[in-house]
2 protein chains.
Amino acid sequence: MDLQHQFKEYIQWVNNKLEVYLTNNGTKNKQLFDAMSYSIFAGGKRLRPVLALGAYHMFKDDTQEVMPYACGLEMIHTYSLIHDDLPAMDDDDFRRNKPTNHKVFGEGVAILAGDGLLNYAFEIMLADALINKNVKYYNAIYEISRAAGVHGMIGGQLVDLESEGKTIDIETLDYIHFNKTASMIIASLKVGTIIGDGNQNDINNMEIIGKNLGLAFQIRDDILDIIGNQEMLGKDIGSDQQNEKSTYPSIYGLEYSKNKVMELTQEVDDILSKYGEKALFLRELSLFLMEREY
Amino acid sequence: MDLQHQFKEYIQWVNNKLEVYLTNNGTKNKQLFDAMSYSIFAGGKRLRPVLALGAYHMFKDDTQEVMPYACGLEMIHTYSLIHDDLPAMDDDDFRRNKPTNHKVFGEGVAILAGDGLLNYAFEIMLADALINKNVKYYNAIYEISRAAGVHGMIGGQLVDLESEGKTIDIETLDYIHFNKTASMIIASLKVGTIIGDGNQNDINNMEIIGKNLGLAFQIRDDILDIIGNQEMLGKDIGSDQQNEKSTYPSIYGLEYSKNKVMELTQEVDDILSKYGEKALFLRELSLFLMEREY
């Protein structure tokens, strides 16, 4: 299978559907849609929707079925970035080589654009579930709400914020990684599996795969902050060291961290290999993520 | 019927249930629950959950059934206040005589506490719906998501933010009032009616009642900003005039505005009076709101 080709196709589908959802059908609230669209179409990797599509296609072929949930995942991810970039949080002026939302629209609008995307994600997913009338859709939405919420992503962001400028122990670092990053990656895979009619064993496998991929993804991020290429990354490197941020490389060193990423990815591959050809895309994708340069 | 007594009982039920949801079961994310609880228990009027309960009891008696949705409405209302008070938005230091969330916890935590309450509202409502397995619960959640969203409350906040320091026309003012305030009041009444198994005609009636109450509520707010008692209101008065904010009193004058509130409330009373004794609570409540001093 050609990973590049499949990946591009998935991204195209997701982008087309996001266009439909975010086409400005606002009147007086036009600027809200402008701000939401700006960040949605600022060049994200679409990792979460692609994972949802990849998992879904291990079990079922009707792409359109999973699309509203794939888009919902991306909207929630994007809202978290908009709020994360605010001066009161990470205070980032650039993301993916473009000015962050609040630099373009101002802080007030950026806060509302984030709120809007989170709320809109639930709105479009619920609308779809009400039309298609199967409890699995509600299970998928609930899964996403848990992963994105106070015991998931938002909890991770809070602890990350509290840990700024402090030395933290590995337990706290794992809490941040698991909640801030892995939980939405787990949810993406599980949602694809739930909507694809995978069984409970499949869903459990996705929990492990997502946990490993999420942690590997985050450690790779921290490695790239040390050895990465600023231009390819679209953001400054060396910022973790400058901010004395505790990361896997800073605690365990670069070699250990690289090995950890390989180990986690190997475990993912072992599970996915049992699914035969259907899992080839996700296997190649996880290998690609392990070695990514951006 | 004793309005005061019933009102207090409703508030007690809502507070008890909110306590259950917000009891700090966090570990490392403890501060998130602290910040969410702080604003939830900062003395809100609980108008939206009370309206949901009042509407529900016009049709059905089993209070517990509607409670997760009543609490979800209050969480969403509270998140909107936390974000509205931020320096980038209304920049308010006090609300109900207490320091606003960001003054106590800092802006970053306040942003996350708002995000957390919005997300948590969907989480608890979905969890309840998945247990009780009836499509009406999902209809109720969808109704709330629409009312709170980009074509509802958040849209209204955006236009309100854009209008700051500008003279706006009555059409824009109505847009703000309808979306920022009335839409969640309409949703509260409709959710109570949907879960109480009211029919489509009842739901349509609630749409009109909510629209009138919402507009009347907002105009009364603006009247109180001129003639109100600072201590009773728990916030500064005269701020609209100081900020040259366009309001019903500033555009139409005080007398016209007072009459408009009476007119809107009368229409509500006409509809509710058709429901006989069951509607007494909502009728008294709307009269009380018309004359409220805080």
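Quick caveat: nothing in here was measured; it's all calculated off a predicted structure. (Residues numbered from 1 in each chain as written. Chains lettered and ligands numbered in written order. Predicted model: local features only at pLDDT ≥ 70, side-chain atom pairs only at ≥ 80, totals over all residues. Heavy atoms only, no water.)

Q: Sorry, what's going on with helix α14 (residues 254-273) of chain B here?
A: Within an α-helix, residues lying three or four positions from one another point in the same direction, as the helix has 3.6 residues per turn. All names here are of chain B. Spanning 20 residues, α14 covers 28 Å between terminal C-alpha atoms, matching the ideal 28 Å at 1.5 Å per step. The set of residues buried in α14 consists of Ser257, Lys260, Val261, Leu264, Thr265, Val268, Asp269, Ile271 and Leu272. Check the buried side of α14 and you find it contacts α10 (200-227), α13 (248-252) and α15 (280-291). (Helix = DSSP H or I, 4+ residues; strand = E, 2+ residues; numbered from the N terminus. Expected span 1.5 Å × (residues − 1). Buried < 20%, exposed > 50% of the residue type's maximum accessible area, 1.4 Å probe, protein only. Contact = heavy atoms within 4.5 Å.)

Q: Would you mind showing me how to read the packing of aromatic side chains here?
A: To describe a pair of aromatic rings, one takes the distance between the centres and the angle between the planes. Enumeration over the complete set of coordinates arrives at 20 aromatic pairs over all chains. Taking the centre distance of 6.5 Å and the plane angle of 40° together, the rings of B:Phe7 and B:Phe281 count as tilted. Of this pair, B:Phe7 sits in helix α1 (residues 3-22) while B:Phe281 sits in helix α15, and the two are 274 residues apart along the sequence. No difference in accessibility class separates B:Phe7 from B:Phe281, as the two residues are buried. Between A:Arg292 and the ring centre of A:Phe217, over which it is positioned, the NZ or CZ distance is 3.9 Å. (Phe/Tyr/Trp six-rings, centres within 6.5 Å; stacked < 30°, edge-to-face > 60°. Lys NZ or Arg CZ within 6 Å of the ring centre and 35° of its normal.)

Q: What exactly am I supposed to notice about the side chain of B:Arg292 here?
A: Residue and element names in this part refer to chain B. When you line up the elements, Arg292 lands in the segment after α15. Classification of Arg292 as buried rests on a relative accessible area of 2%. Within the structure, Arg292 has its side chain in polar contact with the backbone oxygen of Phe217 (distance 2.8 Å). (Polar contact = N/O pair within 3.5 Å; in protein donor to acceptor, adjacent residues only side chain to side chain.)

Q: Looking at this model, I keep getting lost on the pattern of salt bridges. Mind explaining?
A: A side chain of one charge can pair with a side chain of the opposite charge if their charged atoms are brought near each other. As enumerated under the stated definition, the model contains 36 salt bridges over all chains in all. Across the pair A:Asp85 and A:Arg95 runs a salt bridge whose closest N-O atoms are separated by 2.8 Å. Placement of the pair is A:Asp85 in the loop between α4 (67-84) and β1 (94-95) and A:Arg95 in strand β1, with a sequence separation of ten residues. Residues B:Lys30 and B:Asp34 are paired through a salt bridge, measuring 2.9 Å at the closest nitrogen-oxygen approach. Residue B:Lys30 and its partner B:Asp34 are both found in helix α2 (residues 30-40); the two are separated by four residues, about one turn of the helix. On the accessibility criterion, B:Lys30 (42% relative accessible area) is partly exposed. For B:Asp34, a relative accessible area of 28% gives the class partly exposed. Shared partners join several salt bridges into a network, and the residues in it are A:Lys60, A:Glu65, A:Lys136 and A:Asp197. (Salt bridge = Lys/Arg side-chain N within 4 Å of Asp/Glu carboxyl O.)

Q: How should I be thinking about the packing of α4(A) against helix α7 (residues 135-148) of chain A in this particular structure?
A: Helix-helix packing is described using two parameters, namely the angle between the two axes and the distance between the axes. Residues and elements named next belong to chain A. Where α4 contacts α7, the axes come no closer than 11 Å and their chain directions differ by 15°. Between α4 and α7, the angle is such that the two are roughly parallel. Classified by chirality, the crossing of α7 by α4 is right-handed. In this structure, α4 uses Tyr69, Leu73 and Ile76 to contact α7, whose residues at the interface are Tyr137, Ile141, Ile144 and Ala148. Partitioning the contact of α4 with α7 into residue classes produces seven nonpolar, no polar and no charged. (Axes fitted to C-alpha atoms, helices over the stretch in contact; angles between N-to-C directions. Parallel < 35°, antiparallel > 145°, perpendicular 65-115°, else oblique. Left-handed = near helix turned anticlockwise from the far one by under 90°. Nonpolar A, V, L, I, M, F, W, Y, C, P; charged D, E, K, R; others polar.)

Q: What should I look at first to understand the packing of helix α14 (residues 254-273) of chain A against helix α15 (residues 280-291) of chain A in this one?
A: Residues and elements named next belong to chain A. Between α14 and α15, whose axes approach to 10 Å, the crossing angle comes to 175°. Relative to α15, α14 is oriented roughly antiparallel. In this structure, α14 contributes Val261, Met262, Thr265, Val268, Asp269, Leu272 and Ser273 to the contact, and α15 contributes Leu282, Arg283, Ser286, Leu287 and Met290. Here the residues of the contact of α14 with α15 are counted per class, giving seven nonpolar, three polar and two charged.

Q: Can you help me understand unusual backbone geometry in this one?
A: Glycine aside, a negative phi is what most residues show, and trans is what most peptide bonds show. Residues and elements named next belong to chain A. Despite not being glycine, Asp91 has its phi angle at roughly 55°, a positive value. Examined against the element boundaries, Asp91 turns out to sit in the loop between α4 and β1. Unusually for a residue other than glycine, Lys133 sits at a positive phi of about 45°. Position of Lys133 among the secondary structure elements: in the loop between α6 (107-132) and α7.

Q: What is the right way to look at the interface of chain A and chain B in this model?
A: Frequently, the measure chosen for interface size is the accessible area that the parts lose on association. Taken together, the contacts link 50 residues of chain A with 50 residues of chain B. Taken together, the connections running from chain A to chain B amount to four salt bridges. The partner of B:Glu171 in a salt bridge is A:Lys28, and the shortest N-O contact between them spans 3.8 Å. When residues of the side of chain A that touches chain B are assigned to their parent elements, the largest contribution, 15 residues, is made by α6(A). Counted by class, the side of chain A that touches chain B contains 27 nonpolar, 16 polar and seven charged residues.

Q: So what exactly am I meant to see when it comes to the relation of the copies chain A and chain B here?
A: Relating one copy of the chain to the other requires a rotation about an axis plus a shift along that axis. Of the transformation superimposing chain A on chain B, the axial component is 0.0 Å and the angular component is 180°, with the fit at an RMSD of 0.0 Å. Such a turn and shift between the copies fits a two-fold axis. Across chain A, the smallest distance between a C-alpha and the rotation axis is recorded for A:Asp115, namely 3.6 Å. Here 100% of the contact residues of chain A are again contact residues in chain B; the copies associate through an equivalent surface. (Least-squares fit on C-alpha atoms with pLDDT ≥ 70 in both.)

Q: Can you help me understand helix α10 (residues 200-227) of chain A in this one?
A: Between the first and last C-alpha of α10(A) there are 40 Å, a value that for 28 residues agrees with the 40 Å anticipated at 1.5 Å per step. Capping the start of α10(A), A:Asn199 holds a side-chain oxygen 3.0 Å from the backbone nitrogen of A:Asn201, two or three residues further along.

Q: Would you mind showing me how to read the side chain of B:Ser257 here?
A: Residue and element names in this part refer to chain B. With respect to the helices and strands, Ser257 occurs in helix α14. The exposure class assigned to Ser257 is buried, which follows from its relative accessible area of 0%. There is a polar contact of 3.5 Å between the side chain of Ser257 and the backbone oxygen of Tyr248. Setting aside anything within four residues of it in sequence, one finds Ser257 in contact with Ile219, Ile223, Tyr248 and Pro249.

Q: What exactly am I supposed to notice about a nonpolar patch on the surface here?
A: Residues A:Ile251, A:Tyr252 and A:Tyr256 make up a contiguous nonpolar surface patch of about 270 Å² in total accessible area. The partly exposed category is assigned to A:Ile251, whose relative accessible area is 37%. (Patch = residues over 30% accessible without salt bridge, like charges linked within 9 Å, V, L, I, M, F, W, Y side chains within 5 Å. Areas by Shrake-Rupley, 256 points an atom, 1.4 Å probe, with all protein chains shown as cover.)

Q: Please explain the environment of B:Ala113 as it appears in this structure.
A: Residue and element names in this part refer to chain B. Structurally, Ala113 can be placed in helix α6 (residues 107-132). On the basis of relative accessible area, Ala113 is assigned to the buried category, the value being 0%. Each C-alpha atom of the pair Ala113 and Ser37 lies 9.0 Å from the other, and the pair is 76 residues apart in sequence.

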